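Remarks on the overall topology
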Amino acid sequence: MIDDINEISRTIVHEAGHATVGVLLFPDEIVWVSAIPNPSSLGRALTTVTLEMVVRYPTERFIDYLAFLFAGRAAEENRFSNYKDWMSRHDEQSAHEALHQYRAMHPKLLHNDQDLTTQARQRAHEILVREQSLFHTLTSGLVRYDQFGQEWLLYNYYLFATT
């Protein structure tokens, strides 16, 4: 269990970052978001997007997936001007694995891994800056409920999309 209020705050911001970017780029694929610690992580944003699906995406869509993975770190950087390496390690490992498999499926891809990573990180930051109201609502949802499902997430997404 997390006892430090700073770790709790950082976890909430991190997971709300994944949720914000995820619901905008993959609205029907984000299933559940939690700031409740479990044995493998401090929080989790669960999606139905699989690595097998991702490696078949065109490059722009693959960058969207990487942006979703980097969104937790981007949210931490936006909010705290830094990030906790141990919080983002799983996201970085997932991105590295996705890049490796994407490269194997697309051997003639002209972009190098660093270019794809840079574009994805930039996309995550841009979305979080542009969608601050949605991000704050999702952050508040995690503070209030500890977790929320797809129905609550999509309700708030469509609420902001229509205003």
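Each value, and the rule that gives it
Residues numbered from 1 in each chain as written. Predicted model: local features only at pLDDT ≥ 70, side-chain atom pairs only at ≥ 80, totals over all residues. Heavy atoms only, no water. Axes fitted to C-alpha atoms, helices over the stretch in contact; angles between N-to-C directions. Helix = DSSP H or I, 4+ residues; strand = E, 2+ residues; numbered from the N terminus. Parallel < 35°, antiparallel > 145°, perpendicular 65-115°, else oblique. Left-handed = near helix turned anticlockwise from the far one by under 90°. Nonpolar A, V, L, I, M, F, W, Y, C, P; charged D, E, K, R; others polar. Core = buried A, V, L, I, M, F, W, Y, C linked by side-chain atoms within 4.5 Å. Buried < 20%, exposed > 50% of the residue type's maximum accessible area, 1.4 Å probe, protein only. Contact = heavy atoms within 4.5 Å. Expected span 1.5 Å × (residues − 1). Arc of directions from axis to C-beta. Polar contact = N/O pair within 3.5 Å; in protein donor to acceptor, adjacent residues only side chain to side chain. Phe/Tyr/Trp six-rings, centres within 6.5 Å; stacked < 30°, edge-to-face > 60°. Lys NZ or Arg CZ within 6 Å of the ring centre and 35° of its normal. Pairing = 2+ DSSP bridges.

1. Section: the packing of helix α3 (residues 59–80) against helix α5 (residues 113–130)
Two quantities define a packed helix pair, namely the angle between the axes and the distance from one axis to the other. One can describe the packing of α3 onto α5 by two numbers: an axis separation of 6 Å at closest approach and a directional angle of 60°. Relative to α5, the element α3 is oriented oblique. Our pair here, α3 against α5, has a crossing hand that is right-handed. Class assignment of the residues belonging to the contact of α3 with α5 gives a composition of 13 nonpolar, five polar and six charged.

2. Quick notes on the nonpolar core
Formed by 46 residues in total, the largest nonpolar core has its most connected members in F62 and L66. Of all elements in the fold, only α1 (5–25), β1 (30–34), α2 (51–54), α3, α4 (85–105), α5, α6 (132–145) and α7 (150–161) reach the threshold of two or more residues within this core. The greatest single-element share of this core, amounting to eleven residues, is contributed by α3. L66 has contacts with A95, A98, L99, L116 and A120, leaving out every residue within four places of it along the chain.

3. So, α5
Look at α5: 26 Å from first C-alpha to last across 18 residues, which is about the 26 Å you get at 1.5 Å a residue. For α5, the full list of buried residues reads L116, T117, A120, R123, A124, I127 and L128. End-on, the buried residues of α5 take up no more than an arc of 125°, which puts them together on one face. The outward face of α5, more than 90 degrees from its buried face, is lined by the exposed residues Q114 and R130. Backbone nitrogen of Q114 and a side-chain oxygen of the N-cap are separated by 3.0 Å at the start of α5; the cap is N112.

4. Overview of the packing of aromatic side chains
This structure, assessed with the given rule, holds five aromatic pairs. An angle of 75° between the planes, with centres 6.0 Å apart, marks the rings of Y145 and W152 as edge-to-face. Taken together, the aromatic side chains of Y145, F148 and W152 make up a single cluster linked through ring pairs. We note R10 situated over the ring of F80; from NZ or CZ to the ring centre the distance is 4.2 Å. The ring of Y57 carries R61 above its face, with NZ or CZ at 5.9 Å from the centroid.

5. A short note on the environment of V143
Structurally, the position occupied by V143 is in helix α6. Note on V143: relative accessible area 55%, which makes it exposed. For the pair V143 and S9, spaced 134 residues apart in sequence, the C-alpha separation works out to 8.5 Å.

6. A look at the sheet that holds β1
Reading across the sheet, the three strands line up as β2-β1-β3 and stay open at both edges, with antiparallel pairing between neighbours. Each edge of the sheet is formed by a strand with only one pairing partner; in this case those strands are β2 (44–47) and β3 (147–149). In this sheet, adjacent strand axes meet at a mean angle of 10° when their direction is disregarded. Judged from the three bridges that link them, β1 and β3 form a sheet pairing that is antiparallel. If you follow V33 over to β3, its bridge partner there is F148.

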